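What the coordinates show
For reference, the chains in residue letters:
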Amino acid sequence: MMWSYLVKTPNLVQRFFHNYSWRISTEKKEIFLTFDDGPVPDFTPWVLKTLRKYGAKATFFCVGENIKKHPRIYKKILRNGHSVGNHTYNHLQGWKTPTRKYLKNVIKAEAYLKGGQHSGTKLFRPPHGRIRPLQAKILRKKGYRIIMWDVLSGDFDPHLSKEECYEHTIKNIQNGSIVVFHDSDKSFRNLDYVLPRLLEHFKKQGYVFRALD
Ligand SMILES: [Zn+2]
């Protein structure tokens, strides 16, 4: 099996980039599920419905232009008591984007994340997990927490069977894990299989699924 990414973020990487959040330090049986790239029709509502069935809370890292296109789905995320985070306005890749342009794009997304009663978010996840140190430094100065992950489900990977995706994701989860999924078309083939089973598996073991705050 050839993967172009690492499922489990190595401890060494986590220590080196200690200004980023990779996992929540806790002794409790808590798991922090995250869903990137929405809100989009069909897939985001399906995730919301599935989470509700298990009494689970999660964090949605939203793309600004998707909020603009689908404001009702965005509001539904908030109404369901989940957290939201900034994922830029156009899903920009930090290494390839000049810092000024990158920051402007984050701020543009901020305006859409704030909508209605919501006061906005101080959670940020860089698209593709790629951000330049200067970009991260400026965002931290603006009060953002940079949220990475310790478990990448690989739900988007067309070469990964749904069973493999499930097995390696549950195997790598520990107390306080931050797990990445995508509420998107390309991930649904795996997500549809993995998410309900993962929720079932850990709920039985007494785990609680919490949103980042
Ligand atoms: Zn993304």
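In this text, all values refer to a predicted model and were calculated from it rather than measured experimentally.

Looking at the environment of Arg 197
- Among the structural elements, Arg 197 can be located in helix H8 (residues 188-204).
- When its relative accessible area of 37% is taken as the criterion, Arg 197 is described as partly exposed.
- Taking C-alpha positions, Arg 197 is 9.6 Å from Ile 170, a pair spaced 27 residues apart along the chain.
- If near-sequence neighbours (up to four positions away) are discounted, Arg 197 is found in contact with Tyr 166 and Asp 192.
- In this structure the side chain of Arg 197 is engaged in a polar contact, spanning 2.8 Å, whose partner is the backbone oxygen of Tyr 193.

Quick word on the coordination of the zinc ion
- Binding of the zinc ion to the protein goes through Asp 37 (OD), His 87 (NE2) and His 91 (NE2), at separations of 2.0 to 2.1 Å.
- Here the donor residues for the zinc ion map to a single chain with the spacing D-x49-H-x3-H. Separated by 50 residues along the polypeptide, Asp 37 in the loop between strand S1 (30-36) and helix H2 (43-53) and His 87 in the loop between strand S3 (83-86) and helix H5 (99-114) bring together distant segments of the chain.
- Under the relative-accessibility criterion, Asp 37 is labelled buried at 15%.

Re the nonpolar core
- Membership of the largest hydrophobic core comes to 36 residues, with the highest contact counts inside it found for Leu 33, Phe 35, Leu 51, Phe 60, Phe 181, Leu 195 and Leu 198.
- Elements represented by at least two residues in this core include exactly S1, H2, strand S2 (59-62), helix H4 (71-79), H5, helix H7 (162-172), strand S7 (178-182) and H8.
- Counting residues per element, this core draws most heavily on H8, which supplies seven residues.
- Once residues within four sequence positions are removed from consideration, Phe 181 is found in contact with Leu 33, Thr 34, Phe 35, Asp 36, Ser 153, Asp 155, Thr 169, Leu 191, Val 194, Leu 195 and Leu 198.
- Grouped together as the second largest cluster of nonpolar side chains are 22 residues, Leu 123, Ala 136, Ile 146 and Leu 152 included.

Considering a positive patch on the surface
- On the surface, Lys 49, Arg 52, Lys 53 and Lys 57 cluster together into a positively charged patch.
- For Lys 53, the location among the structural elements is in helix H2.
- Judged by its relative accessible area of 66%, Lys 53 is exposed.

Some details on the packing of aromatic side chains
- On inspection of all chains with the given rule, the structure shows 11 aromatic pairs.
- Ring plane angle 20° and centroid distance 5.7 Å describe the contact between Phe 35 and Phe 181, whose orientation is recorded as stacked. Residue Phe 35 is located in strand S1, and its partner Phe 181 is located in strand S7; the two are separated by 146 residues in the primary sequence.
- The class for Phe 35 is buried, based on a relative accessible area of 0%.
- Residue Phe 181 is classed as buried on the basis of its relative accessible area of 0%.
- Ring geometry for Tyr 102 against Phe 124: centres 6.2 Å apart, planes inclined by 80°, an arrangement best described as edge-to-face.

Some points on the pairing of S7
- The element S7 is largely enclosed, with a buried count of five among its five residues.
- The two faces of S7 match: Ile 178, Val 180 and His 182 on one face and Val 179 and Phe 181 on the other face are all buried.
- When S1 meets S7, the two strands line up parallel, connected through five bridges. By the bridge assignment for S7, Leu 33 is matched with Val 179.
- With two bridges connecting them, strand S6 (residues 151-152) and S7 associate as parallel partners. Looking at S7, one finds that Leu 152 is bridged to Val 180.

Regarding H4
- Turning to H4, its buried residues number three or more, namely Ile 73, Tyr 74 and Ile 77. Summarising the axial view, the buried residues of H4 lie within an arc of 105°, below the 170-degree limit, and thus occupy one face. In H4, the exposed residues that point more than 90 degrees away from the buried face are Arg 72 and Arg 79.
- On its buried side, H4 packs onto H2, S2, helix H3 (64-69), S3 and H5.
- Note on H4: the residue one or two positions beyond its end, Gly 81, has a positive phi of about 80°.

Thresholds applied
Residues numbered from 1 in each chain as written. Predicted model: local features only at pLDDT ≥ 70, side-chain atom pairs only at ≥ 80, totals over all residues. Heavy atoms only, no water. Helix = DSSP H or I, 4+ residues; strand = E, 2+ residues; numbered from the N terminus. Buried < 20%, exposed > 50% of the residue type's maximum accessible area, 1.4 Å probe, protein only. Contact = heavy atoms within 4.5 Å. Polar contact = N/O pair within 3.5 Å; in protein donor to acceptor, adjacent residues only side chain to side chain. Donors = N, O, S within 2.8 Å, 3.2 Å for Na, K, Ca; no water. Core = buried A, V, L, I, M, F, W, Y, C linked by side-chain atoms within 4.5 Å. Patch = residues over 30% accessible without salt bridge, like charges linked within 9 Å, V, L, I, M, F, W, Y side chains within 5 Å. Areas by Shrake-Rupley, 256 points an atom, 1.4 Å probe, with all protein chains shown as cover. Salt bridge = Lys/Arg side-chain N within 4 Å of Asp/Glu carboxyl O. Lys, Arg positive; Asp, Glu negative; His and termini not counted. Charge placed at Lys NZ, Arg CZ, Asp CG, Glu CD. Phe/Tyr/Trp six-rings, centres within 6.5 Å; stacked < 30°, edge-to-face > 60°. Pairing = 2+ DSSP bridges. Arc of directions from axis to C-beta.

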